[in-house]
Amino acid sequence: MIVIKSDRGWVKPETWEEVESIPGYIRDIDPKEVKLKNVIGSYREPELRVCGLSTCHRKHYKGFIVELESDDATNRNGNITNIGANCGHTHLGAEFDIQSRQIDRDWASQERRETIKSAEYRIDNWQIECDKLHNDEHGASWLIRQNRAMHERTSGLPDAVCKYIQDALRTGDSAVYKEHAATLQEREAARETGQSDSSIIKENIGTLSGLSGLSKIKILREILVIDLEKHLKTLSDIDVETLADEELRFWAKWCGEVDSKIDMVRSIVNETQKFFTRENISLLYEVTHGDDGKQVMRFAKQYD
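Quick caveat: nothing in here was measured; it's all calculated off a predicted structure.

1. Here we look at the overall build of the chain
Phase 1: Of the regular secondary structure elements, the chain holds eleven helices and seven strands.
Phase 2: Burial statistics for the chain: of 304 residues in total, 39% are counted as buried.
Phase 3: Long-range contacts, defined as pairs at least 24 residues apart, comprise 67% of the intrachain contacts of the chain with a sequence gap of at least 6.

Quick look at the structure:
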């Protein structure tokens, strides 16, 4: 990529030939006859470029476009060339180091402004997506309420079942097991196959869906409300041209992450919806004892 800063703003030549066609460009300049006037551009090319200093002409991928001046201007055939960073430091001194770093910073800031400006055109669509994910019938707001209701002592799931769910989230084991006392035949069969002789048999009766979403439900509000919705509102009101460098870095990075954050929220919502269904929660009946089973079925019934 090639960038040149002019009085009219930034120019991005698409080919190296465009650089060489700049008025005053010359491929061969004796550094003893000139001194630095301005660093006007930089480049990082996929092809090697030849240094414009007559004492060098080594090839490099990254360099700078410089405007030079001579004590005897009438003897100059041109005053613009390209130069590698090392040659610039050696032949043009500390001023080259200062200006080359500055033009890199200026271009980085310009790129960040362009990123933010492009993002501003997408604010409305992003806000629509966030509102849909947040407020749909079974969106994030509904899921957060269901998760809270699930832990209500009287109307939610029994404490033992909530603990079972927490253990499943901790271990990542979504299988639901029903336990029963082992029969004599089952214990003998276990011994014959080399398994442990247990008095309790765990039978896999199904799989809980949506645990991967449920494990992340606590960050839904953090991502969707505190981050996305809040910052989209702020982004719609900012003046990009007045932002300081630190603010440009923050907003350019943030804008580049919006799509992935929305995708993350959508994934959590879609996955967690699978948990709050009657069929799914009814599986937990099998791990209960006594009245706890009735409480599970009452809670599950609301998802008809």
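2. What about the packing of aromatic side chains?
Between two aromatic rings, the relevant description is the distance of the centres plus the angle of the planes.
Phase 1: One pass over the full model with this rule turns up ten aromatic pairs.
Phase 2: Residues Trp142 and Phe276 carry aromatic rings whose centres are separated by 6.3 Å and whose planes lie at 80° to one another, so their mutual orientation is edge-to-face. In this pair, Trp142 is assigned in helix H4 (residues 140–150) and Phe276 in the loop between helix H9 (245–273) and helix H10 (278–282), connecting sequence segments 134 residues apart.

3. A short note on the environment of Thr242
Phase 1: The residue Thr242 is located in the loop between helix H8 (220–235) and H9 in this model.
Phase 2: Within polar-contact distance, the side chain of Thr242 engages the backbone oxygen of Asp239 at 2.9 Å.

4. So, the pattern of salt bridges
Phase 1: In this structure the tally under the stated criterion is 22 salt bridges.
Phase 2: The closest approach of N and O atoms between Asp159 and Arg153, which form a salt bridge, is 2.9 Å.
Phase 3: The exposure class of Asp159 is partly exposed, given its relative accessible area of 44%.
Phase 4: For Arg153, a relative accessible area of 61% translates into the label exposed.

So, how was this worked out
- Residues numbered from 1 in each chain as written.
- Predicted model: local features only at pLDDT ≥ 70, side-chain atom pairs only at ≥ 80, totals over all residues.
- Heavy atoms only, no water.
- Helix = DSSP H or I, 4+ residues; strand = E, 2+ residues; numbered from the N terminus.
- Buried < 20%, exposed > 50% of the residue type's maximum accessible area, 1.4 Å probe, protein only.
- Contact = heavy atoms within 4.5 Å.
- Phe/Tyr/Trp six-rings, centres within 6.5 Å; stacked < 30°, edge-to-face > 60°.
- Polar contact = N/O pair within 3.5 Å; in protein donor to acceptor, adjacent residues only side chain to side chain.
- Salt bridge = Lys/Arg side-chain N within 4 Å of Asp/Glu carboxyl O.

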